[in-house]
Each structure stands twice: as structure tokens, then as C-alpha cells.
Amino acid sequence: MPTTPVPLDVQHRASLREHNSFGLPAVARTLVRLRSEADVRRVVDHPDYGVAPKFVLGGGSNVVLTRDIDSVVLKVEIAGLRLLREKADAWIVEAGAGESWHALVAWTIEQGWPGLENLALIPGSVGAAPVQNIGAYGVELKDRFDSLDAVDLVTGRSVTLDAAACRFGYRDSVFKQAGFGGLAGKSVITRVRLRLPRPWQPVLGYLDLERKIADTGNARPDARTVFDWVCAIRRAKLPDPALVGNAGSFFKNPVVSPEQCRDIIGRDPEIVHYPMADGSIKLAAGWLIDACGWKGKTVGRAGVYERQALVLVNRGGASGAEVVTLARAIQESVYGRFGIRLEPEPIIL
Ligand code: EPU
């Protein structure tokens, strides 16, 4: 018997305030909730939505909405968590793009499949994780990535991409790139597969984790302990988006040449910096912003978080324009003092 297709879940003039972690006001002319790959194809085949410009919204944790959106907003809500394969050298876990990233991390730890513990409590959805190659405490998504499925928004075709095809970089991937071969706005990630290597090896080289080892005297923590430590570190430093609107780090940590760095260190010897494998040097943007006196400041209804200068927050009722105005003022003052241009991490729309 032929089955009747479930109609698309479409909402007109939908408020996006609940759908972005900054809590910014914006209205989507059309919001479509995607619960399956078939839903994506229904959008592609739709007489109006098929040809309309589209914007893919994941957990809304990496976007600054400065205006209402005329494009068709696609809210990915594809569910599912499963162990795909258990191999001698790895567990392969698959998650629907609409699952919460942290829920996935917590589930893998509970099941006894460690490897994602350093990435605990990162806000946002599973599908958004590869877009900006999320990272924390010495681990990036690309270090645990197996492959992902996506649906092309023009042809409706499903594709599977491996790590090379995703072109992962620091908070970057092919899904953020608009130029040649870039996939920004061109496809919807539907499922992500992670590879959790066996035997498990903890990653404990990050300063905050070394401090935990020193404080607790536990030099051989298990994955559950690392998970708990990362949650505690993040809760102490970063605002919970459920309580205070924010999008995590607002700027990327800038990478400079050794010559540039020598210059800067000459003037500010205490600047926090890390040498990279290719000889360049990464500077702590939080330190640069802090040094310019921004920590805890408020401009309009947007502010700089009291405990981490790299995080901009909504002090209550802020507009996207207020957040962007504050961000520009910070960029100007950091450029004025250090000659370094800070690049925003979230997508500004
Ligand atoms: N610092 C200051 N003042 C501040 C903030 C930071 O002096 O107000 C100094 C700290 O003392 C520290 C250094 O800057 O020595 C680095 O700070 P932190 O360890 O907090 O990390 P971060 O570089 O600011 C990055 C990621 C975070 C990630 C943490 C932990 C980026 C843009 N941010 O922050 O990611 O959680 O490392 O690995 O790479 C995110 O991307 O949204 C995010 C939260």
C-alpha cells in the first residue's frame, strides 16, 4: 500500500529568538523543520522553496542575527544515536545532525566509548560541529571524525564526505567556504559519524587540565573524570547560553608570523602565545581583549563576559546590531594597540 508522505513542517513569520543561543530577535519569513533526509529532498522538490535562497540553522549557537531573514530557514532536527561498528582499533558512532552535541558526548561516555570527553558542554547541534570544526582542550572534531552525510540543496542528491573532503581548518571547513568548491549554504548535513580510537588515550596537555591534575593529584584520570573536569572548567569560565545569551568565543585566536610576534612580545612580554607546528604563532585573543580593558564592559545591551573576555554576551534584550557594534569597537581597540585584526568566529547574518 503506498504511504502518504508526511507534509513538511512549515511555519510562517517564525520568531528565531528561541533558536539562537545569543537570544537575538529576528523573524524568519519561512521556517522549515527537517526531521529526515526525505524532508530535505521535499524542500528541494518544492515549487517555491526549491528555488528560494536558503539558510541552514543548526543549534543556532554560532550565529549573530542582525536582521529578519527572507531566505527559507531550514532548522535541522534529524534525530538518532547509534553505535555503527565496533572495530579492534575504534568505535564508530553515528548521530543525527539535529541531536545536541553535548548529549552525544555524554551518551558515548555512559556507553563506555570514550574519546569525546574534551569536547563536553560545547553548545550546539551535531550537524553544526563539523561546520566550524569545534574544538576545546586540545581536541578538535577533525581528530575524531569519520565521515558525514549531506544532501545537496540544488540537486537533492545525498553525498558522503570524508575528512579530506570537509577541508577542516581551525574553526573552519568546506561548509563555511563560499569560494571554489566551497559548500557554504549549498548543502544540509544530515548525519555525522565519529571515530573513537581504541585503546583510549587521554588528551591532558591543555593548561586548565594540567591544573586539575595538580589540584586533584590524579595523574591518570579515566574518560568520565576528564569529562567531569572539562564540564567544571567550562562552567567556571563560560556563560550558560540558557541563562546568558552568547555564542562561545566571539573571535578566533589570531595566528601571526614569528616576526610580528617578536614585535608584540617586545612591547608586551606577558602576552599569552602558543607556537604552532608550521612555525607561526597563535595568540590568545581573550588576552588581547582583556589587555585592552574590555572584560566586564557593557555597550548598549551587549557586553564582554566578566570571566572570559573572548565571549560577548547579551545583557538582556540586545539586538544583533548592538552585538556587532560592540564587536567592532573591540576589533578597533585591539588593532589600535597591537596591530592585529581579530576575525569573528560566528556567522554574522
Ligand atoms: N585569557 C586572558 N583573559 C581573558 C581570557 C583569556 O588573559 O579574558 C588568557 C587565559 O589566561 C589563557 C589564554 O588567554 O592563558 C587562553 O584562554 P582559554 O584557555 O580560556 O582559551 P581561549 O583561547 O580563550 C579557546 C577556544 C574555546 C575553547 C578553549 C579551550 C577559540 C576561539 N576558542 O579559547 O572555544 O573552549 O580554547 O580549549 O579557539 C569556542 O570556540 O566557542 C570556544 C569556547
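Our subject in this report is the structure included herewith. This one's a predicted model, so the numbers in the text were calculated from it and none came from an experiment.

### As for a nonpolar patch on the surface
On the surface, Tyr-206, Leu-207, Val-272 and Tyr-274 cluster together into a nonpolar patch covering about 350 Å² of accessible area. Along the chain, Leu-207 falls in helix 5 (residues 207-216).

### As for the sheet that holds strand 5 (residues 69-76)
Pairing is mixed across the open sheet formed by four strands, whose spatial order is 1-2-5-3. Of all the strands in the sheet, the pair left with one neighbour each is strand 1 (9-15) and strand 3 (54-57). Strand after strand, the sheet turns through a mean of 30 degrees between neighbouring axes, direction not considered. Taken together, the four bridges between strand 3 and strand 5 define a ladder with parallel strand orientation. Pairing of Val-56 across the sheet is with Leu-74, part of strand 5. In this fold helix 1 (residues 37-45) packs onto strand 2 (27-34), strand 3 and strand 5, with an angle of close to 135 degrees to the strand it touches most, strand 2.

### Section: the environment of Phe-22
As for its placement among the helices and strands, Phe-22 is situated in the loop between strand 1 and strand 2. Each C-alpha atom, one on Phe-22 and one on Gly-58, is 14 Å from the other, the two residues being 36 residues apart in sequence. The contact partners of Phe-22, leaving out residues within four places of it in the chain, are Val-63, Val-64, Gly-245, Asn-246, Ala-247, Phe-250, Leu-312, Val-313, Asn-314 and Val-323.

### Describing the site of the ligand
For the ligand, the set of nearby residues contains 25 residues, the closest of which are Tyr-137, Tyr-170, Asp-290, Gln-308 and Ala-309. A distance of 2.7 Å separates a nitrogen atom of the ligand from a polar side-chain atom of Asp-290. Within the contact set of the ligand, an oxygen atom lies 2.7 Å away from a side-chain nitrogen or oxygen of Gln-308. In the complex, 84% of the free accessible area of the ligand, which totals 820 Å², lies under the protein chains. Top element by residues in the shell around the ligand is helix 8 (residues 285-291). It accounts for three residues. In the shell around the ligand, the residues fall into eleven nonpolar, six polar and eight charged. Counting the residues that make up the shell around the ligand, at least three belong to each of domain 2 (81-197) and domain 3 (245-348).

Rules used throughout
- Residues numbered from 1 in each chain as written.
- Predicted model: local features only at pLDDT ≥ 70, side-chain atom pairs only at ≥ 80, totals over all residues.
- Heavy atoms only, no water.
- Patch = residues over 30% accessible without salt bridge, like charges linked within 9 Å, V, L, I, M, F, W, Y side chains within 5 Å.
- Areas by Shrake-Rupley, 256 points an atom, 1.4 Å probe, with all protein chains shown as cover.
- Salt bridge = Lys/Arg side-chain N within 4 Å of Asp/Glu carboxyl O.
- Helix = DSSP H or I, 4+ residues; strand = E, 2+ residues; numbered from the N terminus.
- Pairing = 2+ DSSP bridges.
- Axes fitted to C-alpha atoms, helices over the stretch in contact; angles between N-to-C directions.
- Contact = heavy atoms within 4.5 Å.
- Near = heavy atom within 4 Å.
- Polar contact = N/O pair within 3.5 Å; in protein donor to acceptor, adjacent residues only side chain to side chain.
- Nonpolar A, V, L, I, M, F, W, Y, C, P; charged D, E, K, R; others polar.
- Domains from an automatic or database assignment.

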